[in-house]
Each structure stands twice: as C-alpha cells, then as structure tokens.
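Breakdown of the fold
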Amino acid sequence: MPTNFTAEPVRVRVPATSANLGPGFDALGLALGLYDDVAAEVASGGVRVTVTGQGAGELPDDDRHLVVRAMRAAFDVLGAHPDGLSVECVNRVPQARGLGSSSAAIVAGVLLARALVTDGEHLLDDAGALRLAAEIEGHPDNVAPCLLGGFTLAWSESTGARAVSLPVADGVRPTVFVPAERGLTATARAALPATVPHGDAALTAGRAALLVHALTADPTLLLPATVDRIHQDYRAAGMPGTSALVSALRAAGVAAVVSGAGPTVLALSEPPAGFPVGTDWQIWQLPIDVSGARLAWGRLGHAERDPVAAGRKS
C-alpha cells in the first residue's frame, strides 16, 4: 500500500439537513438528528460500493456513486490517488426528498478521503473541506450544517464558501413530513424566475434576518420569521401536496416551510395534537444535531449497520 495512505479503515456519521428554512434561500440550514453512516478503506484495485437502507438497489456501486465522486475530488486536492476503494454506506436520509442526502454523501466523501491520506487534515483543513464540498454541491446551504452541525449561515466569497454555526434556542422542535414522492433540486431551481419584485426581495431579506433571531433567541417569532417570497410560491405548482400542507400548518399557527427543494415539509414548531395530515406522509420528530459530521477509525459496527433511522421518532 502506498505510504501516503492509512492502512486502517475510517468511518463517518453525517446528519440530514434542511436548507432555506423559508426566507434563507441558499444561505440558512439546520442539521437534523437523522444519519447516514459511511465507511471506506483503500483497496488493491477497483471501486466497490455497498448500500444498505435508503437507495439500496438504486444507487450506483462504482465510481459513479456520489460518495466516491466526492472522494476523488478530495484526492485530487490532496494529490493522492489510490488504486482502489472499498466503501460501505448505511443510508437513513431519504433520497431526493429535500433532506440533504446529496450533501451528506458529498461531505462523507470529502472527509473520508482526507482521513485516508496521511497528514490529510494539514493538506485540506476544515475551511477547505467546506469550500470543496460546496463546490461539488453547487451551493453551501446544506453542506455547511452537515459539516458543522446546528443552525448555519453560509455565504460565498471570491475564495469560495464560508459558514458559521450558531446555537439554537430551546423551544425549536423540528418535525419533518416526508412524502413518498421524490423531487429533484434541478427541477425545483428551474421553476424560479430570473428576477423577483423588489418588494418581495426586501420582505424576504427582513424575514431572514428575523429568522436568525427567532432560531437563536426567541422561537415565539418563528411563524412571522419563516415568511418567504423568493422561492416557495414559484415552486408550489410542481409540489401541490407540499404547498397545501405548508399552508394548512401555517394557518394553524405552525412555522412550516418547504425543506430545501422539497417535497418534504419542515415544521420548526410543534403541530397541534390531532392535526390532520393524511396517510401520504411519514411524520418524524427529529432532534437538532449540534455536532455535524463525526469521524472515527474502523469499519462500521453492528449498530451503525442498522438501517433504521437513528434518532427518529414517528
């Protein structure tokens, strides 16, 4: 084995995320206590990927897998190119639902590659890992909370993506409503207009600022703070069930938004008891993940191979 690679396998646990949070389009994100576990080691040749749980039998098992593609991108930055890789994924984050499954795969790949290279953290620091993950994903709003945990504010500069993580106030209790149908971020972005009215932009900017205060200091303001005029209305026609549920929850006083590009709905305050949702939605109460991605040495253990969604309450 080349001397610039570690001989020991490495594993990482990466959280689900919800981005935008209403008015914080492409900037705000929240890490949720629902996790994918991924392990990798350098192999003698070729790429082998096994997937358990979400996406099993659907996701590619070779170089096309997003974890491997992210690992290759990180290896390029690190100047290290292994002959082969063995990757094991236990996925609990639903695919293409607006809960950051692609960001989880990207962050896992970047961190695994860095850990497998001797002195990888010196060659690619945490700020560099964020920049690379955001470059692969195309925007930083999901990769930031996946890496850092908590409630994150992300932005881009000429040198790449940056982000900060802020503590979340007591009283913020996320609930996600996950439909069986899937959505594509590219399709959702295609529904957005090239420009928006000045009044809508101004209103949304003010609510995004208020949302930072509501999430970190005063959850009683979450309902007005989650008003958005930038993206949700434009995407509503493509996700009528999602739009209807968001409207019904908000009419009941619940701070509900489209999670990421949808079709999952995120409620930041608890729905009233007995709120009628119907049978088309899985309802999960999730804690806020405050740690972000976590690395450890060794292969996945028995508990980590359990495909049941850790931390989920239904």
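Residues numbered from 1 in each chain as written. Predicted model: local features only at pLDDT ≥ 70, side-chain atom pairs only at ≥ 80, totals over all residues. Heavy atoms only, no water.

Among all residues save glycine, negative phi is the norm, and among peptide bonds the norm is trans. Of note, the bond from Gly-262 into Pro-263 is cis; its omega dihedral lies within 30 degrees of zero at 5°. Looking at where Pro-263 falls in the secondary structure, it is placed in the loop between strand S8 (256–258) and strand S9 (265–267). Unlike most non-glycine residues, Asn-20 shows phi in positive territory, near 75°. Among the secondary structure elements, Asn-20 is positioned in strand S1 (residues 10–20). Of note in the backbone geometry, Asp-119 takes a positive phi value of approximately 65° without being a glycine. For Asp-119, the location among the structural elements is in the loop between helix H2 (101–116) and helix H3 (120–123). (Helix = DSSP H or I, 4+ residues; strand = E, 2+ residues; numbered from the N terminus.)

Moving on to the sheet that holds S8. Spatially, the 4 strands line up as an open sheet ordered S8-S9-S7-S10, and their pairing is antiparallel. The sheet is open, and its two edges are formed by S8 and strand S10 (281–285), each paired on a single side. Adjacent strand axes in the sheet meet at a mean angle of 20°, parallel and antiparallel pairs treated alike. Sheet topology note: the S8/S9 ladder contains 3 bridges and is antiparallel. Counted as the bridge partner of Val-258 is Val-265 from S9. Packed onto the sheet, helix H10 (residues 240–251) meets strand S7 (175–179), S8, S9 and S10 and runs at close to 160° relative to S8. (Pairing = 2+ DSSP bridges. Axes fitted to C-alpha atoms, helices over the stretch in contact; angles between N-to-C directions. Contact = heavy atoms within 4.5 Å.)

All we've got here are geometric facts, nothing functional implied.
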